[in-house]
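The primary structure of each chain is shown beneath.
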Amino acid sequence: MTVKTRFAPSPTGYLHVGGARTALYSWLYAKHNKGEFVLRIEDTDLERNSQEAVDAIMEGMEWLGLEWNEGPYFQTQRFDRYNEMVDVLLAQDKAYKCYASKELLDEVRAEQEANKEMARYDANHPKIKAANDAAKDGDPCVIRFRNPKEGSVVFDDQIRGRIEISNSQMDDLIIRRTDGSPTYNFCVVVDDWDMEITHVIRGEDHINNTPRQINIYEALGAPVPTFAHCAMILGDDGAKLSKRHGAVSVMQYRDMGYLPEALNNYLVRLGWSHGDQEIFSQEEMIEFFSLNAISKSASAFNTDKLLWLNNHYIKTSEPEYVAKHLQWHLDQQALNIENGPAITEVIKLVGERCNTLVELAEQIRYFYEDFAEFEAGAAKKHLRGVAKEPLEVALAKVEAIEEWTTENLHQMIADVCADLEIGMGKIGMPLRVAVTGGGQSPSVDAVMQLIGKARCVARIKMALAFIAEREANA
Ligand code: GLU
């Protein structure tokens, strides 16, 4: 049997990291088993759902690379099918019409609470029975599922183990409202059945729905899928992860400069493990993924680890690939890279120093744009009178370099040190501030090589002018 999983978000907002992890696990499980992955949009809550949210969810999935084999299906387009199945259950007396008004149900509930009984719908309650007996065909009614009264529902959750819930804990669920619309738990079952879902992987917040849904599968004569309920994701303070902990939307992570590989790798480890391995290529995740290695306990979100992984992927991914993702940030920061060195070379040099693509985009401006001023702190410290002679000697040597290579630039610096009998620090830092505008950069010879000769010459002259002016004003 082909394994088939699904991700079934309700489009009430962006794709958040908890949803993304559920989607990733479902996707990985399908891939691991050479199965299929379905995207289903659970959009029956017309007041809370929006097209923007549907688009945002799909954008997040696409950015993470979680492509689906089928769908997106939309529950709102399947009402006829759900109603057809409600009618089948009605015809088989596995569901029934209930005419009890909301006021009556409230009254019965208050009575149960006063008597310290479990508040629940009870078809045999004398008042409810009387209301149903008195009703005429055509009166407004809901359809309720006739939940079994005896026995219990048992299922083997792939993460949490065996779970058993007594039917006496469950009341007769409404499956069609007075307005004719089918309800959530019923739609999910019909969908998972029709879509031939074999494994339902979802958040623990749905675990109470599962026994109810299993009874409905059985009533419909549908095969019951295997279930796996993932524990929650917590913030660093132990509370359920929410906006107040910072970014929760997947696309915010794109905006903050993460690579999708880093977020996927982070999310797969957030609640799943394979020995003590931390870094997983996509192929490895697919190969090693299994449901029973998912943790039962909640996991806490750790931004430092995510940053560490992001740095790893910026450092080790193909520069062309990093460049593709970096482009969005360059556009955001209005940095045009046409006039300067190949971006892949700049990434190779600067990438490993950056935890995010935002940092990377910020740190490479000097390769592409001239600056009007030096960074005040760096200039104050390094563009002083003592740097004048080393920079003058360096300028002469730089102008004389014929073959503009990192080796020759390295030699140039060594020659300045030898000629003036000074240490590397006396020329290295002034030169760095001169050519990059600031005090931090990778190795200055490599940086100069990429910046190019004409720009380096002009910038060293600018630094010398700065020193001259400073001395004049002293
Ligand atoms: N639509 C539900 C949600 O977004 C998921 C239901 C399910 O996976 O069965 O939480």
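Scroll up to find the structure.
Residues numbered from 1 in each chain as written. Predicted model: local features only at pLDDT ≥ 70, side-chain atom pairs only at ≥ 80, totals over all residues. Heavy atoms only, no water.

J.: Could you clarify how one ought to interpret the nonpolar core in this entry?
T.: What tends to happen in soluble globular proteins is that the nonpolar side chains get buried as a cluster. Among the nonpolar cores identified, the biggest contains 107 residues, and Ile364, Phe367 and Met448 are the most heavily contacted of them. Top contributing element to this core by residue count: helix H1 (residues 17–32), with 9 residues. Those residues in contact with Phe367 that sit more than four places away from it in its chain are Asn339, Gly340, Pro341, Val346, Leu349, Val350, Val447, Leu450, Ile451 and Arg455. (Core = buried A, V, L, I, M, F, W, Y, C linked by side-chain atoms within 4.5 Å. Buried < 20%, exposed > 50% of the residue type's maximum accessible area, 1.4 Å probe, protein only. Helix = DSSP H or I, 4+ residues; strand = E, 2+ residues; numbered from the N terminus. Contact = heavy atoms within 4.5 Å.)

J.: Mind showing me how you'd approach the pattern of salt bridges here?
T.: Pairing between side chains of opposite charge can happen when the charged atoms of each approach one another. Within the structure shown, the criterion is met by 32 salt bridges. The partner of Asp194 in a salt bridge is Arg81, with the nearest N and O atoms 2.7 Å apart. One end of the pair, Asp194, is in helix H6 (residues 184–194); the other, Arg81, is in helix H3 (residues 79–91), with 113 residues separating them in the sequence. Judged by relative accessible area, Asp194 falls into the partly exposed class, the value being 28%. Classification of Arg81 by relative accessible area gives partly exposed; the value is 22%. (Salt bridge = Lys/Arg side-chain N within 4 Å of Asp/Glu carboxyl O.)

J.: Teacher, can you tell me more about the packing of helix H9 (residues 260–269) against helix H11 (residues 303–316) here?
T.: Geometrically, a packed helix pair is captured by the angle between its two axes and the distance between the axes. Following both chains from N to C, one finds H9 and H11 inclined at 135 degrees, their axes separated by 8 Å at the closest point. In terms of their interaxial angle, H9 and H11 are classed as oblique. The handedness of the crossing between H9 and H11 is right-handed. Of the residues in H11, those touching H9 at Glu261, Ala262, Leu263, Asn265, Tyr266 and Arg269 are Lys305, Leu306, Leu309, Asn310 and Tyr313. Across the contact of H9 with H11, the residue classes break down as 6 nonpolar, 2 polar and 3 charged. (Axes fitted to C-alpha atoms, helices over the stretch in contact; angles between N-to-C directions. Parallel < 35°, antiparallel > 145°, perpendicular 65-115°, else oblique. Left-handed = near helix turned anticlockwise from the far one by under 90°. Nonpolar A, V, L, I, M, F, W, Y, C, P; charged D, E, K, R; others polar.)

J.: Sorry if this is basic, but what is going on with the site of the ligand here?
T.: Around the ligand, the neighbouring residues are Arg6, Ala8, Pro9, Ser10, Glu42, Tyr184, Arg202 and His206. Contacts to the ligand include Arg6, whose side-chain N or O atom sits 2.7 Å from an oxygen atom. In this structure, Arg202 approaches the ligand through a side-chain N or O atom, which is 2.8 Å from an oxygen atom. Contact with the protein chains hides 81% of the accessible area of the ligand, taken as 300 Å² for the molecule alone. For the shell around the ligand, the class distribution of residues is 3 nonpolar, 2 polar and 3 charged. (Near = heavy atom within 4 Å. Polar contact = N/O pair within 3.5 Å; in protein donor to acceptor, adjacent residues only side chain to side chain. Areas by Shrake-Rupley, 256 points an atom, 1.4 Å probe, with all protein chains shown as cover.)

J.: What am I meant to see in the pairing of strand E7 (residues 161–166) here?
T.: Within a regular strand, side chains alternate between the sheet's two faces. Sheet analysis places strand E6 (residues 152–157) next to E7, joined by 6 bridges and oriented antiparallel. Residue Val154 lies in a different strand from E7, and its bridge partner there is Glu164. Between E6 and E7, which follow one another and run antiparallel, lie 3 residues. (Pairing = 2+ DSSP bridges.)

J.: Explain the packing of aromatic side chains to me, please; I cannot follow it from the model alone.
T.: The way to describe two aromatic rings as a pair is by their centre distance and the angle between their planes. On inspection of all chains with the given rule, the structure shows 12 aromatic pairs. Counting every residue linked through ring pairs, the aromatic cluster contains Tyr25, Trp272, Phe280 and Phe289. Note that Arg81 overlies the ring of Trp193, its terminal NZ or CZ placed 5.7 Å from the centroid. Above the ring of Trp328, the side-chain terminus of Arg254 is found at 3.9 Å from the ring centroid. (Phe/Tyr/Trp six-rings, centres within 6.5 Å; stacked < 30°, edge-to-face > 60°. Lys NZ or Arg CZ within 6 Å of the ring centre and 35° of its normal.)

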